[in-house]
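A closer look at the structure
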Amino acid sequence: MGQATSTAAVASRAKSNRFSNCIKFRSTAASGANRDYISNLPDECLALVFQSLSSADRNRCSLVCRRWYQIEGQSRYRLSLIAQSDLLPFIPSLFSRFDSVTKLALKCDRRSLSICDDALVLISARCPNITRLKLRACRELTDSGIQAFAKNCKSLKKLSCGSCTFGSKGMNAVLDNCANLEELSIKRLRGIIDVETAAPIGPGAAASSLKTICIKDLYNGQCFSSLILGAKNLRTLKLFGCSDNVDKLLQLMPNQVTSIVEVHLEMLLISDVGMQSIANYSNLEILHLLKTPGCTDFGLVAIAERCRLLRKLHIDGWKVDGIGDEGLIAVAKCCPNLQELVLIGVNPTKLSLEMLASNCLNLERLALCESASVGDPEICCIAVKCVALKKLCIKRCPVSDHGMEALANRFPNLVKVKVKKCKGVTSEGGDWLRLTRGSLAVNLDTGQSENENPGVSASNGGAQANGIEFPPMPNQIAAAGASTTIASSSTGRSVSFKSRLRLLSGRRLVAHTLRRWPANSIQCKSNQAGGV
Amino acid sequence: MAKTPEPKRTISLKPCDGDVIEVSPMIAKQMQTIQSFIEDDSFIATTTIIPLPNVTAFQLSKIIDYLNYHSNSKAVADNVKESTKKFDEEFLKELEHDKLKELLHAANYLNVKEVLDFLCQAVADLIQDKSVKFVRKFFGVVNDYSVEEEEDIRRTHAWAFEGVEED
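Small disclaimer: the values here were computed from a predicted structure and weren't measured.

Tallying secondary structure elements over chain B gives eight helices and three strands in all. Reading chain B from its N end, one meets helices and strands in the order β-β-α-α-β-α-α-α-α-α-α. By the burial criterion, 48% of the 167 residues in chain B qualify as buried. Within chain B, counting contacts between residues at least 6 apart in sequence, those at least 24 apart form 57% of the total. When the accessible surface of chain B is totalled, it reaches about 8,700 Å², and 53% of it is carbon and sulfur.

Looking only at helices and strands, one finds 22 helices and 15 strands in chain A. Burial status across chain A gives 53% buried among its 532 residues. Of the roughly 22,100 Å² of accessible surface on chain A, a fraction of 52% belongs to carbon and sulfur atoms.

Further remarks concern helix H18 (residues 401–409) of chain A. All names here are of chain A. Among all positions in H18, only Gly403, Met404, Ala406, Leu407 and Ala408 are buried. Residues of H18 that are buried sit in contact with helix H17 (376–385), strand S13 (391–395), strand S14 (416–420) and helix H19 (427–436). Phenylalanine 411 sits one or two residues past H18 and shows a positive phi near 45 degrees.

Moving on, we come to the packing of helix H5 (residues 97–110) of chain B against helix H6 (residues 113–127) of chain B. Residues and elements named next belong to chain B. Contact geometry of H5 with H6 gives a least axis separation of 9 Å together with a crossing angle of 150 degrees. As for the relative orientation of H5 and H6, their crossing is left-handed in sense. Residues His97, Leu100, Leu103, Leu104, Ala107 and Asn108 of H5 touch H6, and the partners they reach there are Val115, Leu116, Leu119, Cys120, Ala122, Val123 and Leu126. Looking at the contact of H5 with H6 residue by residue, the classes come out as 11 nonpolar, two polar and no charged.

For H17(A), the complete set of buried residues consists of A:Asp376, A:Glu378, A:Ile379, A:Cys381, A:Ile382 and A:Ala383. On its buried face, H17(A) is in contact with helix H16 (350–359), strand S12 (365–369), S13 and H18 of chain A.

This part takes up the UniProt feature "domain: SKP1 component dimerisation" (unreviewed entry) in chain B. On the UniProt side, "domain: SKP1 component dimerisation" (unreviewed entry) is annotated at positions that read residues 114–160 of chain B here. Span residues 114–160 of chain B is 77% helix and 0% strand, its end C-alpha atoms 35 Å apart.

All right, on to the pattern of salt bridges then. Pairing between side chains of opposite charge can happen when their charged atoms approach one another. One pass over the full model with this rule turns up 25 salt bridges over all chains. For B:Asp117, the salt bridge is made with B:Lys113, and the minimal N-O distance between the two is 2.6 Å. Note that B:Asp117 and B:Lys113 are positioned in helix H6 at a spacing of four residues, about one turn of the helix. Taking the relative accessible area as the measure of exposure, B:Asp117 reaches 29% and is therefore partly exposed. Through salt bridges with shared partners, a single network forms among A:Arg58, A:Glu72, A:Arg76 and A:Arg97.

We now examine the domain arrangement of chain B. Residue and element names in this part refer to chain B. According to the domain assignment, chain B consists of domain 1 (1–66 + 98–127) and domain 2 (130–161). Listed as interface residues are four residues of domain 1 and, on the opposing side, five residues of domain 2. Carbon and sulfur atoms supply 70% of the area that domain 1 and domain 2 bury against each other, a total of about 500 Å² over both sides. On the domain 1 side of the contact with domain 2, Lys101, Leu126 and Ile127 bury the most area, a combined 86% of that side's loss. Taken together, the connections running from domain 1 to domain 2 amount to zero salt bridges.

Take the nonpolar core next. A:Leu81, A:Leu104, A:Leu106, A:Leu135, A:Leu181, A:Phe224 and A:Leu284 are the most contacted members of the largest nonpolar core, which has 129 residues in total. In this structure, A:Phe224 is in contact with A:Met171, A:Ile186, A:Leu189, A:Ile192, A:Ile201, A:Ile215 and A:Leu218, ignoring residues within four places of it in sequence. Within the second largest apolar cluster, 60 residues are counted, among which are B:Val23, B:Ile50, B:Leu67 and B:Leu100.

Residue and element names in this part refer to chain A. Burial within strand S8 (residues 262–266) is extensive, with five of its five residues counted as buried. With burial as the criterion, each face of S8 is covered, one bearing Glu262, His264 and Glu266 and the other bearing Val263 and Leu265. With helix H12 (residues 247–256) bridging strand S7 (residues 236–240) and the parallel S8, this β-α-β connection has right-handed handedness. In this structure, S8 lies alongside strand S9 (residues 286–290), joined through five bridges in parallel fashion.

Moving on, we get to a positive patch on the surface. On the surface, a cluster of positive charge is made up of A:Lys390, A:Lys391, A:Lys416 and B:Lys81. Position of A:Lys416 relative to the elements: it lies in strand S14. Residue A:Lys416 is classed as partly exposed on the basis of its relative accessible area, which comes to 43%.

Residue and element names in this part refer to chain B. If you walk through the whole model with that rule in mind, you get 12 aromatic pairs over all chains. Centroid distance phenylalanine 87 to phenylalanine 91: 6.0 Å. Interplanar angle 40 degrees. Geometry classified as tilted. In this pair, phenylalanine 87 and phenylalanine 91 are both assigned in helix H4 (residues 78–93), four residues apart and thus about one turn of the helix distant. With respect to burial, phenylalanine 87 and phenylalanine 91 carry one shared label: buried. Arranged with centres 6.0 Å apart and planes meeting at 20 degrees, the rings of phenylalanine 134 and phenylalanine 138 form a pair that is stacked. With phenylalanine 134 and phenylalanine 138 both in helix H7 (residues 132–139), this residue pair falls four residues apart, about one helical turn.

On to the state of the cysteines, then. All names here are of chain A. This model, assessed by the stated rule, comprises zero disulfides over all chains. Sulfur of cysteine 335: no disulfide; nearest cysteine sulfur belongs to cysteine 334 and is 5.8 Å away. You can call cysteine 335 buried: its relative accessible area is 0%.

Below, the discussion takes up the side chain of B:Asp88. Residue and element names in this part refer to chain B. With respect to the element layout, aspartate 88 can be found in helix H4. The side chain of aspartate 88 sits in the buried core without any salt bridge; lysine 85 is the nearest counter-charge, 9.6 Å away. Ignoring sequence-local partners within four residues, the contact set of aspartate 88 consists of Tyr66, His70 and Phe118.

What follows concerns the confidence of the model for chain A. Here chain A averages 79 in pLDDT, and 76% of its residues register 70 or above. This stretch, residues 1–38 of chain A, has a pLDDT under 50; its non-local contacts, to residues over four places away or in other chains, come to 50 contacts.

The rules behind these values
- Residues numbered from 1 in each chain as written.
- Chains lettered and ligands numbered in written order.
- Predicted model: local features only at pLDDT ≥ 70, side-chain atom pairs only at ≥ 80, totals over all residues.
- Heavy atoms only, no water.
- Helix = DSSP H or I, 4+ residues; strand = E, 2+ residues; numbered from the N terminus.
- Buried < 20%, exposed > 50% of the residue type's maximum accessible area, 1.4 Å probe, protein only.
- Contact = heavy atoms within 4.5 Å.
- Areas by Shrake-Rupley, 256 points an atom, 1.4 Å probe, with all protein chains shown as cover.
- Axes fitted to C-alpha atoms, helices over the stretch in contact; angles between N-to-C directions.
- Left-handed = near helix turned anticlockwise from the far one by under 90°.
- Nonpolar A, V, L, I, M, F, W, Y, C, P; charged D, E, K, R; others polar.
- UniProt positions renumbered as here; feature names shortened; annotations may be inferred.
- Salt bridge = Lys/Arg side-chain N within 4 Å of Asp/Glu carboxyl O.
- Domains from an automatic or database assignment.
- Buried area = accessible area lost by both parts, 1.4 Å probe.
- Core = buried A, V, L, I, M, F, W, Y, C linked by side-chain atoms within 4.5 Å.
- Right-handed = clockwise from strand over helix to strand, strands pointing away.
- Pairing = 2+ DSSP bridges.
- Patch = residues over 30% accessible without salt bridge, like charges linked within 9 Å, V, L, I, M, F, W, Y side chains within 5 Å.
- Lys, Arg positive; Asp, Glu negative; His and termini not counted.
- Charge placed at Lys NZ, Arg CZ, Asp CG, Glu CD.
- Phe/Tyr/Trp six-rings, centres within 6.5 Å; stacked < 30°, edge-to-face > 60°.
- Disulfide = S-S within 2.5 Å.
- pLDDT = per-residue confidence, 0-100.

Okay, structure coming up:
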C-alpha cells in the first residue's frame, strides 16, 4: 500500500521527468472544461478501485452516492456479515444488493444468538454461486440448515466452520452435494455427541476433489477417519488437539491416500509408529510436529531418510527431549532442500546445528526458541556455515551480546533478525548490531516482560481458523439469552480440557508434560511461526 | 516473433493536443484500443495516424513511459523489483490528484490493463481509511441520497457487516 502518497521532493523530481522536456503539451486543456466527465470514473474502473479496498472502505464508498452504491454492490465478491439472529429480515435486501457474492463469511459471537436455519437457506437460495463459506459460532444452525445449503450451493469449494453445533448429517450433506469441495476446515464442531451412534462421515462426492482437510479441537475426531481415508487426492492434512490417538489413522493412510505433501500435527497423541507411517510419503515437503510428546528421534530419522524433499520443518519438542540431535542430524544428512526450520523447546547441540548449516544449503529461515542448549558458541557455529540464511529468530535462548557479534559479522545474506527474551542480550548489543549492519532489520527485546505468552509455537498453518476475533457488536442481543450461552460454552470448554487431560494421563505420558498443560499453553494461540 | 514483413517500425498516435507520438508495436499492442485499430484491414502502418481525441499528449506520454519502463524490466531479480517500486513511486509523485484521475480515464479509454490496474490501486490507496465526505470531494461526486436513505444504509453497515469502524 505504501505508494508514497505524501512525500517531499516532488517538485525537484518533476524536472527530471524525461517526457516533460521533449514533448510540448498543454496540461490543463482537459481538466477544467471536462469536470463532470472526470468526476465520473467509468464503472469498470470504480469496480477495480473497490477491489483493492477493505470491506470497511467499501462500505464507506457505497455511501458516496447511488451510483457508487450500485457498482460497489455488484462488484463485491467477498462478504462478511455478523450472523446474529436479527440478520434474517435484512437478507433479501442485502443479497439483492450484493448479487455477485461468491465468498461469504457468517460470524457470530458467543454471547449472541446466531442466525437460524431459515437464514442460511434463504442466503443459499439467493447465492447459488457461493464457492467459499466460513461459519463462526453459528450455534443455532442445525443439520437441516446445512443440508439445504449444500443442495443449493453445489459449487462450494471451501468450507470452514468453527464452534458450530451441527453434526455428521450436515457434514455428509456437504460432502455428498459439493463435488468440487477442495478444502474443509472444522474446528470445535459440537454436533457429534455420541460417536457410537453418529453416522460415519464419508468423503461422498468430494472424495476426489478434496485437497486439504484441517481438523481442530474435536474430541470425537475419529468420526472423520473415514473421510480422511477416502479423500484419495488429499495433499494437506492438519490435525490439531484431537483427543484420540492418530497412530492408527496414519497407519491406514498410505494405502489409500497417496499424494500427501503437507502434514501438520499439533497437541496430539502420536508416536513413532505414526511417524514411520508418515515416512511413506516420499513427496512430503512440509511437516509440523508441535507438542506431540510421543514423537522421538526414531520417528524423525525414519521421516528424514524417506522424505528427502522436505522443505519446511517445524518441531515443538515441548521440552520433552523426545527429539534432539539424532533426528536433526538425519534431517541434515537426507534433506538438502530444507528451506525453513523452526525448533521450539528442542535442545540441539553444536553437533546437529553444524551439520544442518553445512548440509542444507538452501536454509533461508531459521528459528530457535526455548532451547537451553543454544548459546553463543552454537550461534557462532551456524553463523559461519549458513550462507543462504535470510531470516533468523532466536527466542528465550541463553545467547549474549557475544552471539550478536557473530550475527553482525557472518551470515552474508541475512536480512532480518529477531531476538526475543534472551536475557544475555542487552539493548547495547542490539544497537551495536544495527550500527554494524545497517541493512539488517533488527527486532530485539531484552527479556523484560517474562510472563506474557510463554507458549511460543510455530505457525499451525490453520491461518483461517486463527482469525476468529469478533469485533464489538453495536446491537447486543438480550442479556438473558447471552448469559446462558456463555455458561454453556465455558463448561463445554472445561470438559474438553479435562477429558484431554484424563486421556493423556491414562496413556501415562511423561509427568512433566502434564504439568505443562494448564500453564495456558493449551490454548496455543500460535504466534506466527516463532517469527520466521 | 512471426516472420511477417514489418514495413515500418513504429505506430503513429495523435493525441488531442499535441504532435504525433511514435511508439513501438510492442507498446502499442498493450493498448487494446490501438490494437484493434492495427488489426483493422484498412490500417497501413506507414501512413495511418491514429487519432486519440480523448487523450492528451501528457497522458499518452505518461502511459508510454510507464509501459516502456515495465516492459524493459520484466526480468525478476531482487534489485529490479526495488527499482521498479521506486519508479512507480516517482511516477505517482509527479501526478497531482486531478492528473491522476484524468490519466485513469485515458488508460481506460486506451484499455491498457497494466496501467489501469496500477492507477486503480493508486486511487484506492488514496481513499482508503478516508471519510465519505473526503471521497466525495476527491472525486467531485455530488451526494444524491436523501438524509433518510443515507441513514438507512449507515444503520445496515453498523451491524450487518463485520469489521466496520466508525467514520
